[in-house]
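So the chains spell out like this:
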Amino acid sequence: MSRVAVVTGSNKGIGFEIVRGLCKQFDGIVYLTARNEKLGQEAVQKLKSEGLNPSFHQLDITNEQSFQALKQHLQDKHGGLDVLVNNAGFAYSGADKTPFGIQAVDSLGINFFGTMAISKALLPMVRPHGRVVNVSSRIGTMSLKKCSAKLQARFRDRGIQEEELVTLMNKFIETAKNGKHVENGFSDSAYGMSKVGMTVLTFIQAREMEKDPREDILVNCLCPGWCNTDMTGNRFERTAADGADTAIFLAFIKPKESQGQMFYERKPIEF
Ligand code: NDP
């Protein structure tokens, strides 16, 4: 049976470059996924014109019907998967005037709750020796440092349970709606708090994998660095391909090389 890799949010930006890199290096089938089918198919055609051969499946990580359809497809066609890169993400631009409460709902809805939902659907299908790579951000680390000492201690506690993390993320959203998130100990960045959630979720997933009977499944996250993509208004010198490098590296790490760590430029960093 062929090995299978899936990259979320890969019609453009860093996700697209992760697919391009995996198509060159991964011995198996690489799925480029996109919430917009047309944009996804166009991205696939672009890679095909370079002689690469990604497969395509529609995927919106916030839509249960969509991720259940992908799950069914992977089960029926391949019987599982071997590499999952949770790259799909969203950020409001700094100048956006959308009320902060809505920014909190949308940012956490995709980056935290969406990543958690697609992970819950697909992690049980990851085969032994699989690799799970979550594209988080050091903006999460910066946000963590702005949280109250009490919250920092909770988020840094490697024993934190998923239920508590979800409660804290929901509390951030609820207090953000009334502008009371800072007085409740959270940072003033919806994107930053969403990435705190994504990084801590990675640590929880990694801890659960250590208890899992499946052998050698490693879960890690990374910051790609500030890259020149639509998300950042295309204002950085670092390319999306530069940002993709560590994600691709983590898809190929050796057994026991790393479990539950955050990386930047192929090296573990503190959270
Ligand atoms: P882009 O905005 O270029 O790409 C984001 C991708 O995610 C797009 O394909 C987008 O699809 C997709 N996406 C958004 N929402 C969903 C959803 N609900 N379901 C499925 N796909 C979705 O951003 P980047 O390439 O810059 O970002 C990739 C990842 O890297 C993100 O997680 C981001 O937070 C992280 N990151 C980026 C940094 C940077 O400097 N660029 C720095 C640190 C972290 P669509 O085209 O339909 O919008």
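What counts, and where the lines are drawn
- Residues numbered from 1 in each chain as written.
- Predicted model: local features only at pLDDT ≥ 70, side-chain atom pairs only at ≥ 80, totals over all residues.
- Heavy atoms only, no water.
- Phe/Tyr/Trp six-rings, centres within 6.5 Å; stacked < 30°, edge-to-face > 60°.
- Lys NZ or Arg CZ within 6 Å of the ring centre and 35° of its normal.
- Pairing = 2+ DSSP bridges.
- Helix = DSSP H or I, 4+ residues; strand = E, 2+ residues; numbered from the N terminus.
- Right-handed = clockwise from strand over helix to strand, strands pointing away.
- Axes fitted to C-alpha atoms, helices over the stretch in contact; angles between N-to-C directions.
- Parallel < 35°, antiparallel > 145°, perpendicular 65-115°, else oblique.
- Left-handed = near helix turned anticlockwise from the far one by under 90°.
- Contact = heavy atoms within 4.5 Å.
- Nonpolar A, V, L, I, M, F, W, Y, C, P; charged D, E, K, R; others polar.
- Core = buried A, V, L, I, M, F, W, Y, C linked by side-chain atoms within 4.5 Å.
- Buried < 20%, exposed > 50% of the residue type's maximum accessible area, 1.4 Å probe, protein only.

### Notes on the packing of aromatic side chains
Any two aromatic rings considered together are summarised by their centre-to-centre distance and by the angle between their planes. Evaluation of the coordinates by the stated rule reveals 6 aromatic pairs. Counting every residue linked through ring pairs, the aromatic cluster contains Phe100, Phe172 and Phe186. Arg138 extends its terminal NZ or CZ atom over the ring of Tyr264, reaching a point 3.8 Å from the ring centre. Cation over ring: Arg158 sits above Phe203, and NZ or CZ is 3.5 Å from the ring centre.

### Let's talk about the pairing of strand β3 (residues 55-58)
The side chains of a regular strand alternate between the sheet's two faces. In this structure, strand β2 (residues 29-34) lies alongside β3, joined through 4 bridges in parallel fashion. Bridge pairing links Ala34 to Gln58 in β3. Note on the crossover from β2 through helix α2 (residues 37-49) to β3: the handedness is right-handed.

### Focus: the packing of helix α4 (residues 100-122) against helix α8 (residues 190-211)
Each pair of packed helices gets described by two things: the angle between the helix axes and the distance between those axes. α8 packs onto α4 with a crossing angle of 20° between their chain directions and a minimal axis gap of 8 Å. Between α4 and α8, the crossing angle belongs to the class labelled roughly parallel. Of the two possible hands of crossing, α4 and α8 adopt the one that is right-handed. Residue-level contacts link Phe100, Gln103, Ala104, Ser107, Leu108, Asn111, Phe112, Thr115, Met116 and Ser119 of α4 to Ala190, Tyr191, Met193, Ser194, Lys195, Gly197, Met198, Leu201 and Gln205 of α8. When its residues are assigned to classes, the contact of α4 with α8 shows 10 nonpolar, 8 polar and 1 charged.

### A look at the nonpolar core
With 33 residues, the main nonpolar core has Ile18, Val19, Leu22, Leu32, Val85, Leu222 and Leu250 as its most contacted residues. With 7 residues, helix α9 (residues 240-251) is the single largest residue contributor to this core. In contact with Ile18, not counting residues within four places along its chain, are Val7, Val85, Asn87, Val135, Ala244, Ala247 and Ile248. Membership of the second largest hydrophobic core comes to 28 residues, among which are Leu151, Phe172, Ile173 and Val200.

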